[in-house]
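# Understanding the architecture of this molecule
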Amino acid sequence: MDFLEYSSISSEVRGAMCSGKLKMTDTSIVFKNEKTGKVEQINASDIELINFQKFVGSFGLRVFMKNGLLHRFIGFTGDEQKIADFVKKNYKLDMLEKELSMRGWNWGTVHFKGSVLSFDVESKTSFEIPLNHVSQCNSGKNEVTVEFHRNDDAPVSLMEMRFHIPTSESVETDPVEAFQEQVMKQASVISATGDAIAIFREIHCLTPRGRYDIKVFQSFFQLHGKTYDFKIPTSSVLRLFLLPHKDNRQMFFVISLDPPIKQGQTRYHFLVTLFQMDEETNIELPFTEEELKEKYEDKLTKELAGPVYEVLGKIMKVIINRKLTGPGTFIGHSGTPAIGCSYKAAAGYLYPLERGFIYVHKPPVHIRFEEIQSVNFARSGGSTRSFDFEIELKTGTIYTFSSIEKEEYGKLFDFISSKKLHVKNTGKDGKNNYKEDFADSDNEVEPDAYLARVKAEAKERDDDDDGSESEESTDEDFNPNQQESDVAEEFDSNVESTSDEDSEGGDGGGSDGAVKQKKEEKKKEKKEKKKERKEKPKKSKSGGPKRPATAFMIWLNATRESIKKETPGISVTEIAKKGGEMWKEMKDKSEWESRAAKAKEEYVEAMKVYKASVGAGSGDEADKSTSAVKRKKETSSPMKGGSFKSKEYISDDDSSSEDDKKDSKKAKKGDDKGKKAGDGKKKSEKTESEPESEAAGSGSEEEEEDDAGSD
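Because the structure is predicted, anything quoted here is derived from the model rather than measured.

### A few points about the overall build of the chain
- Counting its regular elements, the chain contains 17 helices and 31 strands.
- The buried share among the 711 residues of the chain stands at 34%.
- Put simply, of all contacts in the chain between residues at least 6 apart along the chain, 48% involve residues at least 24 apart.
- Accessible area of the chain: about 44600 Å², with a carbon and sulfur share of 48%.

What follows is the structure, encoded as structure tokens:
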């Protein structure tokens, strides 16, 4: 089959350029909108003419239809001849360049062709207006005002344009009225003419919130409420969804819209209605049997009866001509296709569909599989009772659906795998290594599943980068308690450190060989230290030998690794529990009991040696403790009641003259003689307040000698 395909083409949609993919086949031109996923198909038989149109840096295609509609595509580069040959061969049309006026004049002639208003200057087109973008047209004495539909996706929107039309008495018809009439013929102005096909009263609408009457017309449907009234053209409906509520008593009916409807400054891309399953209705359509057969190919009957959601869905599906999407093959833990979760601040339901995900209801989100870059299963707020489901789009946007029950994990993972979506945290073999993250989470003591995951991912990275310099230095000798621990052995993270390498190689002064040699030496030293520690006898916290292990503990330490291999991800408490059961069932325990007895004998001998050494050194230790108390007193804080000299004051005293020192000594002698007559209380106070700082220590000794001499 002969076709042309272009990936980065933009189409004009209500004044905004929307990117997507264009495919030209021998029978049609198909454009798929990248953002909304909407597919627009132009049949070759309906095309009247195709033109080239120049743009800055590229050229575009101007496709004019026989029914008067205009389609414009931009983004082609360098393939003019190739496209012209393809169109000539398959569509039997000659491609000519559309010449545009570059004068910039605002005075010219207006031509109406189909639904296109063309403003020409000197027989060349200055600009064109597709009239289906026009929302209203008002006329004055010599002026016509054309108003446009607003496109919120456009960075800049053209809201209105005014045309000045000179009048002439010789002309019978008023040119202003004629102009307005031509515009209004093709403008997309919704006017409720004729009777509604069906009316549904007091429908519970979640978005926008309220009770609305839904009136279905031929080219649009109307939401009529107490405060607001919306008229929605059928062409703006993208998709229809019919989704069962998790309680199996209600049903969501969701309508996806582009462009969205507006309520004040709020835009609604989805209409979400809620129906009770037991509510029924009976409607008679205002069509004859012939009209139903001709217009709708017998897809509708004159009388429709059944649940309200079913009747509304059937009418919408046929009138709007859109597929009605239901839940896919996914069935969750609760037996329904809905997964209870939270998005942003509100709780709602996530529905895995055959071609995407939809979340209802606040705010509703629809994600197509082709938009998804990857998905990720993550811990939810540090708890293993629930998990988060993250969806990352190709655009970089991430949607996080949180607080999903752990029972949904297996079902959702199997669904993701069946749809060939890329899961972020899967291993190299494509399997999820963390399926047990949420197992046994009801236990009081449980393994940190997230830590296990991080360790597994780190191990994979280590395997990839094996042999690199940054991985050479490991923190093997880090053991703060200087003793082995079962818990530490179970959760030993082997954190790798590169701080030494950074400090050595950061100055940039040495050669690579010297740095490498230093690293080797450090590594060797660490190994020797580790060896020495292992050879040292283990001591208890009190300083004596460590108590011997029981026969069960010796056996459990030897069997621990095999239990962990049999049951990956098992917790410390579970290992002990399982080990206890296995030990109880074991018949021959003689080997382990003999080992325990031997360890006990060694412990008794070690205790004798330890007690003897402690007894022999008890006197020395007492002296040491006494001297330690004295040292503590000497280095205690300065006196509370006496004078305290700061460092600055002492240094100033040292630098003073000798005469000052002599004077101070004499003054002190006189004071001491007076104090001798007093009670012994003050003397004891003086003794407690000493010693003074070392800088003044020598001076105080001399003073004491003088005092003794004078006495």
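### Overview of the pattern of salt bridges
- One pass over the full model with this rule turns up 17 salt bridges.
- For R368, the salt bridge is made with E370, and the minimal N-O distance between the two is 2.6 Å.
- Owing to a relative accessible area of 7%, R368 belongs among the buried residues under this scheme.
- Among the salt bridges present, the one from E371 reaches R368, with a minimum N-O distance of 3.7 Å.
- Sharing partners across several salt bridges, the network here consists of E12, R62, R72 and E128.

### Some remarks on the sheet that holds strand β2 (residues 16-24)
- Pairing is mixed across the open sheet formed by eight strands, whose spatial order is β4-β3-β2-β1-β7-β6-β5-β8. Taken across any chain shown, the strands that pair with only one partner, and hence form the sheet edges, are β4 (39-43) and β8 (96-97).
- Summarising the sheet, β2 and strand β3 (residues 28-33) pair through five bridges and their orientation is antiparallel. Across the sheet, residue G20 finds its bridge partner in β3, namely N33.
- Sheet strands in contact with helix α1 (residues 80-90) are β1 (4-13), β2, β5 (47-55), β6 (58-65) and β7 (70-76), and its direction is about 90° off that of β1.

### Quick word on helix α11 (residues 572-585)
- Over its 14 residues, α11 extends 20 Å from the first C-alpha to the last, a length consistent with the 20 Å expected when each residue adds 1.5 Å.
- For α11, the complete set of buried residues consists of I575, G579 and W583. Down the axis of α11, the sector holding all buried residues measures 65°, keeping them to one side. Along α11, exposed side chains directed more than 90 degrees from the buried face belong to K577, K584 and E585.

### A look at the sheet that holds strand β11 (residues 124-130)
- If you trace the three strands from one edge of the open sheet to the other, you get β9-β10-β11, paired in antiparallel fashion. What marks the edges here is a single partner per strand, and that holds for β9 (109-113) and β11. With direction set aside, neighbouring strand axes in the sheet form an average angle of 25°.
- One ladder, built from five bridges, connects β9 with strand β10 (residues 116-121); its direction is antiparallel. Residue pairing in the sheet places K113 in a bridge with V116 of β10.

### Some details on the packing of aromatic side chains
- If you walk through the whole model with that rule in mind, you get 29 aromatic pairs.
- Geometrically, the ring pair formed by F52 and F59 is edge-to-face, given 5.2 Å between the ring centres and 75° between the ring planes.
- Residue F59 is classed as buried on the basis of its relative accessible area, which comes to 5%.
- Residues F387 and Y409 carry aromatic rings whose centres are separated by 5.4 Å and whose planes lie at 90° to one another, so their mutual orientation is edge-to-face. Taken together, the residues F387 in strand β30 (residues 383-393) and Y409 in helix α5 (residues 409-418) connect sequence positions 22 residues apart. There is no split in this pair, since F387 and Y409 are both buried.

### Things to note about the side chain of H71
- Relative to the assigned elements, H71 resides in strand β7.
- Taking relative accessible area as the criterion, H71 reaches 14% and is therefore assigned buried.
- In this structure the side chain of H71 is engaged in a polar contact, spanning 3.3 Å, whose partner is the side chain of E40.
- In this structure, H71 is in contact with E40, I42, L61, R62, V63 and M65, ignoring residues within four places of it in sequence.

### Quick look at helix α4 (residues 308-320)
- Counted at 1.5 Å a residue, the expected span for α4 with its 13 residues is 18 Å, and the 18 Å between its end C-alpha atoms agrees.
- Counting buried positions along α4 yields 10 of 13 residues, so the element is predominantly enclosed.
- Listing the buried residues of α4 in full gives V308, Y309, V311, L312, G313, I315, M316, V318, I319 and I320.
- Following α4 by one or two positions, N321 adopts a phi angle in the positive range, close to 65°.

### Considering unusual backbone geometry
- For the peptide bond that leads from T207 to P208, omega is -10°, which places it in the cis range.
- Relative to the helices and strands, P208 is located in the loop between β15 (198-207) and β16 (210-216).
- The backbone of K420 sits at a positive phi, close to 60°, despite the residue not being glycine.
- Here K420 lies in the loop between α5 and α6 (449-464).
- K420 gets classed as exposed once you look at its relative accessible area, which sits at 70%.

### Side note on the packing of helix α10 (residues 551-566) against α11
- At a closest axis distance of 9 Å, the pairing of α10 and α11 adopts a crossing angle of 115°. Taken together, the axes of α10 and α11 lie roughly perpendicular to each other. The two elements α10 and α11 cross, and the hand of that crossing is right-handed. Within the contact between the two elements, α10 uses A551, F552, W555, L556, T559, R560, I563, K564 and E566 and α11 uses I575, A576, K578, G579, G580, M582 and W583.
- In terms of residue class, the contact of α10 with α11 is built from nine nonpolar, three polar and four charged.

### Looking at the nonpolar core
- Counting residues in hydrophobic clusters, the biggest one holds 39 residues, and the most contacted among them are F200, F221, I255, L285, I315 and M316.
- If you tally residues by element for this core, the top one is α4, at nine residues.
- Apart from the residues lying within four places of it in its own chain, the contact partners of L285 are I197, L292, L300, T301, K302, L304 and I315.
- Counting 27 residues, the second largest nonpolar core, distinct from the first, contains L350, F387, L393 and Y409.

### As for the pairing of strand β13 (residues 143-148)
- Direction of pairing for strand β12 (residues 134-139) relative to β13: antiparallel, over a ladder of five bridges. Counterpart to N138 in the pairing with β13 is T145.
- Hairpin connection of β12 to β13: three residues between the antiparallel strands.
- One ladder, built from five bridges, connects β13 with strand β14 (residues 160-164); its direction is antiparallel. Considered in β14, the bridge of V146 is made with M161.

### Quick word on the environment of E405
- Turning to its location among the elements, E405 is positioned in strand β31 (residues 398-405).
- Assessed through its relative accessible area of 40%, E405 is described here as partly exposed.
- Here the alpha-carbon distance between E405 and R385, two residues 20 residues apart in the chain, equals 6.6 Å.

### Quick look at the pairing of β2
- The pairing of β1 with β2 spans eight bridges and is classified as antiparallel. Each bridged residue has a counterpart across the sheet, and for L4 the counterpart in β2 is M24.
- Hairpin connection of β1 to β2: two residues between the antiparallel strands, including R14 at a positive phi of 50°.
- Between β2 and β3, which pair antiparallel in sequence order, lie three residues.

What counts as what
Residues numbered from 1 in each chain as written. Predicted model: local features only at pLDDT ≥ 70, side-chain atom pairs only at ≥ 80, totals over all residues. Heavy atoms only, no water. Helix = DSSP H or I, 4+ residues; strand = E, 2+ residues; numbered from the N terminus. Buried < 20%, exposed > 50% of the residue type's maximum accessible area, 1.4 Å probe, protein only. Contact = heavy atoms within 4.5 Å. Areas by Shrake-Rupley, 256 points an atom, 1.4 Å probe, with all protein chains shown as cover. Salt bridge = Lys/Arg side-chain N within 4 Å of Asp/Glu carboxyl O. Pairing = 2+ DSSP bridges. Axes fitted to C-alpha atoms, helices over the stretch in contact; angles between N-to-C directions. Expected span 1.5 Å × (residues − 1). Arc of directions from axis to C-beta. Phe/Tyr/Trp six-rings, centres within 6.5 Å; stacked < 30°, edge-to-face > 60°. Polar contact = N/O pair within 3.5 Å; in protein donor to acceptor, adjacent residues only side chain to side chain. Parallel < 35°, antiparallel > 145°, perpendicular 65-115°, else oblique. Left-handed = near helix turned anticlockwise from the far one by under 90°. Nonpolar A, V, L, I, M, F, W, Y, C, P; charged D, E, K, R; others polar. Core = buried A, V, L, I, M, F, W, Y, C linked by side-chain atoms within 4.5 Å.

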